[in-house]
Amino acid sequence: MQDNNRTLPVRVITPHAGLEAFTDAIRSLVRDFPQSRALAWRMLLRDTRAMYRQSLLGYVWLFLPPLATVLVWVLLNSSSLVNIEVGTVPYPLFVITGTVLWTAFNASVMAMQEIMGSARSMLSKVNFPHEALIMTAFGKALLNSVIPALLLVPALIVYGIPPGLPALLFPLGFLTLLLLGCALGLLFVPIGALYGDVGRAIQMGLRFGFFVTPVIYAMPESALTRTLLLWNPVSAPLVSSRSWLIGGESVFVWETVLVGLISIFLLAIATLVFKVVMPHLIERLNA
């Protein structure tokens, strides 16, 4: 006979303090990795299908924003409303390559910023490894970046620019921008979960960052302006990746490598901090 009075096990998540919190988080990350990976894949499929299920154009929406950006700047440049020189590279190809690379960075920042909003209802009700949210966000950023990047294939064919051997390095620069965006976006998740102003400030910063990054224009020759733009961490991997694919610009190899290494380090730190502060955030959000 089944015992209907049997109580279910209850797990109480208590925030740790000091060094113990970080050591416990590291052990948990390693222990729960297989479960986190499987859960992240299921959540990615669920969220992606839900997002485009009731959409008439479906995944076409992933192509439209970069195409709209390219069209605007090509029309402005061709009508001489703006005068942007990019050397021998066709300007439409130059812009679409820069826009695709910027989309990789922008999509990864925004994917991380949406972590808490998409999972707020289940955080206090379901016990699961919270790092699965980070994996899911990275998967979304990858999907929202790789699909628009497919536009580069017909663009290269139309303008008759065969990719050379350096084009093999393009995915490395592309991945660097993804990791950089994920790291920066994840660093602001804890405070952004408590204050909505943070998300608005990040969106405004990304709009401003588009114009202080060589997305639609080539890296200036002026030493001062060139140096200032290189202080923008997005500039070196973006310009280098575009040059590896279509040529016509300088390549900042060591700067790109440095940005990649720093991005990996920051992403690891941000993941650890996220793991440690999640119990505190859940407590605050449900207070």
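Residues numbered from 1 in each chain as written. Predicted model: local features only at pLDDT ≥ 70, side-chain atom pairs only at ≥ 80, totals over all residues. Heavy atoms only, no water.

Novice: Would you mind showing me how to read the overall build of the protein here?
Specialist: Along the backbone of the protein there are 13 helices and 0 strands. Walking the protein from its N terminus toward its C terminus, one meets helices and strands in the order α-α-α-α-α-α-α-α-α-α-α-α-α. A total of 287 residues make up the protein; the buried ones form 45% of that total. Excluding contacts between residues fewer than 6 apart, the proportion of contacts in the protein whose partners are at least 24 apart in sequence is 77%. As presented, the protein carries roughly 16,200 Å² of accessible surface, and 68% of it is formed by carbon and sulfur atoms. (Helix = DSSP H or I, 4+ residues; strand = E, 2+ residues; numbered from the N terminus. Buried < 20%, exposed > 50% of the residue type's maximum accessible area, 1.4 Å probe, protein only. Contact = heavy atoms within 4.5 Å. Areas by Shrake-Rupley, 256 points an atom, 1.4 Å probe, with all protein chains shown as cover.)

Novice: Would you take a moment to explain the packing of helix 4 (residues 91-113) against helix 12 (residues 235-246) for this structure?
Specialist: Any two packed helices are characterised by how steeply their axes cross, that is the angle between the axes, and by the distance between the axes. Packing of helix 4 against helix 12 leaves a shortest axis separation of 10 Å and a crossing angle of 135°. By the angle between their axes, helix 4 is oblique relative to helix 12. The chirality of how helix 4 crosses helix 12 is right-handed. Together, Leu93, Phe94, Thr97, Gly98, Leu101 and Trp102 of helix 4 and Leu238, Ser241, Arg242, Leu245 and Ile246 of helix 12 make up the contact between the two elements. (Axes fitted to C-alpha atoms, helices over the stretch in contact; angles between N-to-C directions. Parallel < 35°, antiparallel > 145°, perpendicular 65-115°, else oblique. Left-handed = near helix turned anticlockwise from the far one by under 90°.)

Novice: How do you make sense of the UniProt feature "transmembrane region" (unreviewed entry) in the protein when you look at a structure like this?
Specialist: Per the UniProt record, the feature "transmembrane region" (unreviewed entry) sits at residues 56-76, 91-111, 132-161, 167-196, 208-231 and 251-274. This span, residues 208-231, is 50% helix and 0% strand, and a straight line between its end C-alpha atoms measures 15 Å. In residues 251-274, the share of helix is 92% and the share of strand is 0%. The end C-alpha atoms are 35 Å apart. (UniProt positions renumbered as here; feature names shortened; annotations may be inferred.)

Novice: Would you take a moment to explain the pattern of salt bridges for this structure?
Specialist: When the charged atoms of two side chains lie near each other, side chains of opposite charge can form a pair. By the definition in use, this model includes 3 salt bridges. A salt bridge links Lys275 to Glu131; its shortest N-O distance comes to 2.7 Å. Taken together, the residues span a long stretch of sequence, with Lys275 in helix 13 (residues 253-285) and Glu131 in helix 6 (residues 131-149) at a distance of 144 residues. For the residue pair Lys275 and Glu131, the accessibility class agrees, reading buried in each case. (Salt bridge = Lys/Arg side-chain N within 4 Å of Asp/Glu carboxyl O.)

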